Number of protein chains: 2
Amino acid sequence: MFEFTLHGTEGAARAGTLRLPHGEVPTPAFMPVGTHAAVRGLHPDEVRRTGARIILGNTYHLHLRPGEDVVQALGGLHRFTTWDRPMLTDSGGFQVFSLEGLRKISEQGVEFQSHIDGAIHTITPEKAMEIQWALGADVAMAFDHVVPGQATYDHAEEGMERTLRWLDRCRRRHGELAEGAAVRQTLWPIVQGGTHTELRRRSLQGTLDRGPWTGIAVGGLSVGEPKPVMHRIMEELEPALPADVPRYLMGVGFPDDLLEGIARGVDLFDCVAATRNGRHGSAWTSQGKVNIRGAGLRMSAAPLDADCDCETCRTFSRAYLRHLFQAEEMLGLRLLSIHNVRFLVRLGECARAAILDGTFTRWSREWLERYHSKGTAE
Amino acid sequence: MFEFTLHGTEGAARAGTLRLPHGEVPTPAFMPVGTHAAVRGLHPDEVRRTGARIILGNTYHLHLRPGEDVVQALGGLHRFTTWDRPMLTDSGGFQVFSLEGLRKISEQGVEFQSHIDGAIHTITPEKAMEIQWALGADVAMAFDHVVPGQATYDHAEEGMERTLRWLDRCRRRHGELAEGAAVRQTLWPIVQGGTHTELRRRSLQGTLDRGPWTGIAVGGLSVGEPKPVMHRIMEELEPALPADVPRYLMGVGFPDDLLEGIARGVDLFDCVAATRNGRHGSAWTSQGKVNIRGAGLRMSAAPLDADCDCETCRTFSRAYLRHLFQAEEMLGLRLLSIHNVRFLVRLGECARAAILDGTFTRWSREWLERYHSKGTAE
């Protein structure tokens, strides 16, 4: 359990398989985000049909609503949602550190006000483990101190070192919770350090010193820093990352970010952009980004993306999708979200096939050139 | 085509089959309403899986958005929406007469302001036929002058007589449109006359004099008059309605309305309550009405309705559904709408089986007693 098998590499890019209690995850893979115990707007069956093999749940949101006690009483996140494939929960670190002005940080943990009702909550490393244990995902994430993309060296160092100290506490508490239980959950650490090479290296070394781990995440990227900085950090970290565990680049990303990340040795990604853009009427396609409300689509019998195999593209016309958005009919948000999720899931599938073929570098370069030439970069 | 076969009766209640270009409709039947070329919040596949055999489209809404020219260019409502079973469009009469203060009525037709952008539109009987012909449903409805449930005799008489004059114009224009075409659409008239027995009788007689028809609708009920008045009108009309065509009671209704209507000889119903209530978190169940936000459901592993065979009840717990509503996750609205639609569709199926068994009267009385005892009457 929790094994990772590498089937092939091309440069830093890797094709593997991750074994988790609820099934296998071929990598590289995009993980759709199920914030409120549902991938926004989608039925678990629809998410399955996009080909997604693992989804993410948000500890912060689920702790506030419905509360981990409810989820646990209903048999855990898998039974609660009926999603029967692997699942990962984040630790809530990213969310609570985003609550600028509504949270107090101490060595003990983070006290914050709920964005829903203003009630005071505290998440400590131990509490983050207890919540995630109750939620019962296959993978729990360590509780980390996240700093903004523009954080100074000193600020980033403070967050990075605290993340390491908290990692000790997470590991201890997770071990206690798992004791005696047939272990169905693993814990992954998060590398922090902002945009500072030396801090990132120290964070990774400190993390590995506390190992072994069944997976390693890189956090605190895609939080406001320029994309080339994110690429540099990943390039600097990559040679020091153990080859035998999956690497998860948190909160990333857009289609080009997936390919850039895969080229730099990343195996797992998550991002809300697929569903968020879908709800806003924006779709990624092989021919560039499409704004579904565009007047030019009014009479278009063509599918959203002729090269796409998703349910939406196989079934409906652009004209119908446009109409649903114009009429503010919920079905439209859903159909575009399905397409965008499938678009990223398939990008992972295609990258994997290309890596195994030894054609990833060329395929990826051509794909990115086409993508950027269409003016679709975000 | 457009044949109606009666398989059995019990008192005034009838079990039949209506043959339409896109398939057969066993009756009695509830028709879900697809206002914006989609049953609100639902995918056509989901509507099919509720067992619905025919759905309704709204001419008023589709004329304004996306416009019948778009629907026609995309191959008609069936191809546009991918709903491949029978479909009926209303005439827009009910909607434009509801635009109190925003419409001017003349013998020619109704001039009104769009509720979307304030633009001026005119619907005449001829125009209503042209729009519906372009939409291409199996059944088009005559353009009628609808009066409120409390309309005086004189007001109701004016509307009823105009409806008859307009029926002549509808029939003429529909005949012209159908000429030379392989006829794939039939036209049904609408009986008006408010709550006034004599006017209803004259309306029906005037309608039959202009026949023959393949179906007859009763309109202008469930528009504010007390329910016993609606029942009385149906009882008074029933003996004079031709037995060999389906009777459609427009805009009705709630579960008890279906059974009360079926007992009075009605074959077809439509109403937005199933999806509207579903979006608001209210579900009809065999144990009474359930407010899905109720605190008592927080930990409930039970299905919404243990006696229901819908996808929602077969899959999810009350606790999960409650959570989705608390978290304002769109999936919740959808799952409750699916349940409510299936609830009414199944009520039609059960009534049909009971009529064919000769047990309708007893079954219906027991069902209504249980329903009312749970305090679920609206």
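Residues numbered from 1 in each chain as written. Chains lettered and ligands numbered in written order. Predicted model: local features only at pLDDT ≥ 70, side-chain atom pairs only at ≥ 80, totals over all residues. Heavy atoms only, no water.

Visitor: So what exactly am I meant to see when it comes to the overall build of chain A here?
Guide: Looking only at helices and strands, one finds 15 helices and 18 strands in chain A. Computed over the C-alpha atoms, the radius of gyration of chain A is 20 Å, within 12% of the 21 Å expected from 2.2 N^0.38 for a compact globule of 378 residues. Its C-alpha atoms give chain A principal-axis dimensions of about 60 × 45 × 40 Å. By the burial criterion, 62% of the 378 residues in chain A qualify as buried. In chain A, of all internal contacts separated by at least 6 residues, the share reaching a separation of at least 24 is 67%. Carbon together with sulfur atoms contributes 49% to the accessible area of chain A, which is approximately 13,600 Å² in total. Between the averaged position of the 43 positive side-chain charges in chain A and that of its 47 negative side-chain charges there is a distance of 4 Å. (Helix = DSSP H or I, 4+ residues; strand = E, 2+ residues; numbered from the N terminus. Rg over C-alpha atoms; globule rule 2.2 N^0.38 Å. Buried < 20%, exposed > 50% of the residue type's maximum accessible area, 1.4 Å probe, protein only. Contact = heavy atoms within 4.5 Å. Areas by Shrake-Rupley, 256 points an atom, 1.4 Å probe, with all protein chains shown as cover. Lys, Arg positive; Asp, Glu negative; His and termini not counted. Charge placed at Lys NZ, Arg CZ, Asp CG, Glu CD.)

Visitor: Looking at this structure, I do not really get the environment of Gln205 of chain B. What am I missing?
Guide: Counting through the fold element by element, Gln205 of chain B comes out in helix α8 (residues 197–209). By relative accessible area, Gln205 of chain B is classed as partly exposed at 44%.

Visitor: Would you take a moment to explain the packing of aromatic side chains for this structure?
Guide: When we look at a pair of aromatic rings, we describe it by the centre distance and by the angle of the planes. In this structure the tally under the stated criterion is 20 aromatic pairs over all chains. Judged by centre distance (6.0 Å) and plane angle (80 degrees), the ring pair of Phe254 of chain A and Trp284 of chain A falls under edge-to-face. Of the two residues, Phe254 of chain A is situated in the loop between β15 (247–249) and α10 (255–263) and Trp284 of chain A in strand β17 (residues 282–285); the sequence distance between them amounts to 30 residues. A single burial state applies to Phe254 of chain A and to Trp284 of chain A, both of which are buried. Seen from their ring centres, Tyr320 of chain A and Phe80 of chain B are 4.9 Å apart, and the 85 degrees between their planes marks the pair as edge-to-face. Here Tyr320 of chain A, found in helix α13 (residues 318–326), pairs with Phe80 of chain B, found in helix α4 (residues 76–81), and the two come from separate chains. By relative accessible area, Tyr320 of chain A is classed as buried at 1%. On the accessibility criterion, Phe80 of chain B (1% relative accessible area) is buried. (Phe/Tyr/Trp six-rings, centres within 6.5 Å; stacked < 30°, edge-to-face > 60°.)

Visitor: Before we go on, may I ask you to explain the confidence of the model for chain A in this structure?
Guide: Across chain A, pLDDT averages 96, with 99% of residues at or above 70. Confidence estimates for the predicted assembly give a pTM of 0.97 and an ipTM of 0.96. (pLDDT = per-residue confidence, 0-100.)

Visitor: Looking at this structure, how should I read the relation of the copies chain B and chain A?
Guide: In this arrangement, two copies of a chain are superimposed by a rotation about an axis accompanied by a shift along the axis. Laying chain B over chain A is done by rotating through 180 degrees and shifting 0.0 Å along the axis; what remains is an RMSD of 0.0 Å. Both chain copies can therefore be described as sitting about a two-fold axis. If distances are taken from each C-alpha of chain B to the rotation axis, the shortest is found for Met330 of chain B, at 3.9 Å. Here 100% of the interface residues in chain B have copies in chain A that are interface residues too; the copies meet face to matching face. (Least-squares fit on C-alpha atoms with pLDDT ≥ 70 in both.)

Visitor: Is there a simple way to explain the sheet that holds strand β1 (residues 4–10) of chain B in this structure?
Guide: Across a sheet, paired strands are connected by hydrogen bonds in the backbone, their directions being either parallel or antiparallel. All names here are of chain B. With antiparallel pairing, three strands are arranged side by side in an open sheet as β1-β2-β3. A strand with exactly one partner marks an edge of an open sheet, and here the two such strands are β1 and β3 (23–27). Each strand axis lies, on average, 10 degrees off the axis of its neighbour in the sheet, ignoring direction. (Pairing = 2+ DSSP bridges. Axes fitted to C-alpha atoms, helices over the stretch in contact; angles between N-to-C directions.)

Visitor: Just checking my understanding: could you explain the sheet that holds strand β16 (residues 268–270) of chain B for this structure?
Guide: The strand order across the open sheet formed by five strands is β4-β16-β15-β14-β13 (chain B), and the pairing between neighbours is parallel. The strands lining the two open edges of the sheet, one partner per strand, are β4 (29–31) and β13 (190–191) of chain B.

Visitor: Hey, could you run me through the interface of chain B and chain A in this one?
Guide: When the parts come together, some accessible area is lost, and that loss is often what is quoted as the size of the interface. Each partner contributes residues to the interface: chain B has 40 residues there, and chain A has 40 residues. Contact between chain B and chain A buries roughly 3,300 Å² in total, counting both sides, with carbon and sulfur atoms accounting for 64%. For the interface between chain B and chain A, the tally reads six salt bridges. Its salt-bridge partner being Glu329 of chain A, residue Arg40 of chain B comes within 4.0 Å of it at the nearest N-O pair. On inspection of chain B and its partner chain A, the count reaches 14 residue pairs in polar contact (both at pLDDT 80 or more). Listed by contribution, the elements that provide at least two residues to the side of chain B that touches chain A are α1 (44–49), α3 (68–73), α4, α13 (318–326) and α14 (330–357) of chain B. Residues that form the side of chain B that touches chain A fall into these classes: 22 nonpolar, ten polar and eight charged. (Buried area = accessible area lost by both parts, 1.4 Å probe. Salt bridge = Lys/Arg side-chain N within 4 Å of Asp/Glu carboxyl O. Polar contact = N/O pair within 3.5 Å; in protein donor to acceptor, adjacent residues only side chain to side chain. Nonpolar A, V, L, I, M, F, W, Y, C, P; charged D, E, K, R; others polar.)

Visitor: Sorry, what's going on with the layout of surface pockets here?
Guide: Any empty space left between atoms is shown by rolling a water-sized probe over those atoms. Reported here for the largest pocket is a volume of approximately 690 Å³. Around the largest pocket sit 36 residues that line it, and Phe94, Gln95, Gly251, Asp270 and Val272 of chain B are the ones nearest its centre. Those elements giving two or more residues to the lining of the largest pocket turn out to be α2 (59–64), α5 (93–98) and α11 (273–279) of chain B. Of the residues in the lining of the largest pocket, the class split is 15 nonpolar, 15 polar and six charged. Approximately 540 Å³ is the volume attributed to the second largest pocket. In this structure, the second largest pocket is lined by 30 residues; those nearest its centre are Phe94, Gln95, Gly251, Asp270 and Val272 of chain A. Every element with two or more residues in the lining of the second largest pocket is listed here: α5 (93–98) and α11 (273–279) of chain A. Of the residues in the lining of the second largest pocket, the class split is eleven nonpolar, 13 polar and six charged. (1 Å grid on protein atoms, 1.4 Å probe; cavity = no way out; pocket = protein on both sides within 12 Å on 5 of 7 lines; lining within 4 Å. Points joined across faces, edges and corners; volume = space filled by probe spheres on them.)

Visitor: I would appreciate a short explanation of the pairing of strand β18 (residues 288–291) of chain B in the present structure.
Guide: Looking along a regular strand, one sees the side chains alternate between the two faces of the sheet. Residue and element names in this part refer to chain B. Summarising the sheet, strand β17 (residues 282–285) and β18 pair through four bridges and their orientation is antiparallel. Looking at β18, one finds that Thr285 is bridged to Gly288. Between the antiparallel neighbours β17 and β18 lie two residues.

Visitor: Would you mind showing me how to read the environment of Thr195 of chain B here?
Guide: Residues and elements named next belong to chain B. Examined against the element boundaries, Thr195 turns out to sit in the loop between β13 and α8. Taking the C-alpha atoms as reference, Thr195 lies 6.8 Å from Gly149; in sequence the two are 46 residues apart. Among residues more than four places away in sequence, those in contact with Thr195 are Gly149, Glu225, Val229, Arg232 and Ile233.

Visitor: Honestly, helix α15 (residues 360–373) of chain B in this entry has me stumped. Any pointers?
Guide: One turn of an α-helix holds 3.6 residues; hence residues three or four places apart share an orientation. Residue and element names in this part refer to chain B. In this model, α15 (14 residues) spans 19 Å end to end at C-alpha, consistent with the 20 Å of a helix rising 1.5 Å per residue. Of all the residues in α15, the buried ones are Phe360, Ser364, Trp367, Leu368 and Tyr371. Along the axis of α15, the buried positions cluster into a sector of 95 degrees, meaning they face one direction only. Turned more than 90 degrees from where α15 packs its buried face, Glu369 and Ser373 sit exposed. Contacts made by the buried residues of α15 are with β1, β2 (13–20), α10 (255–263), β17 and α14. (Expected span 1.5 Å × (residues − 1). Arc of directions from axis to C-beta.)

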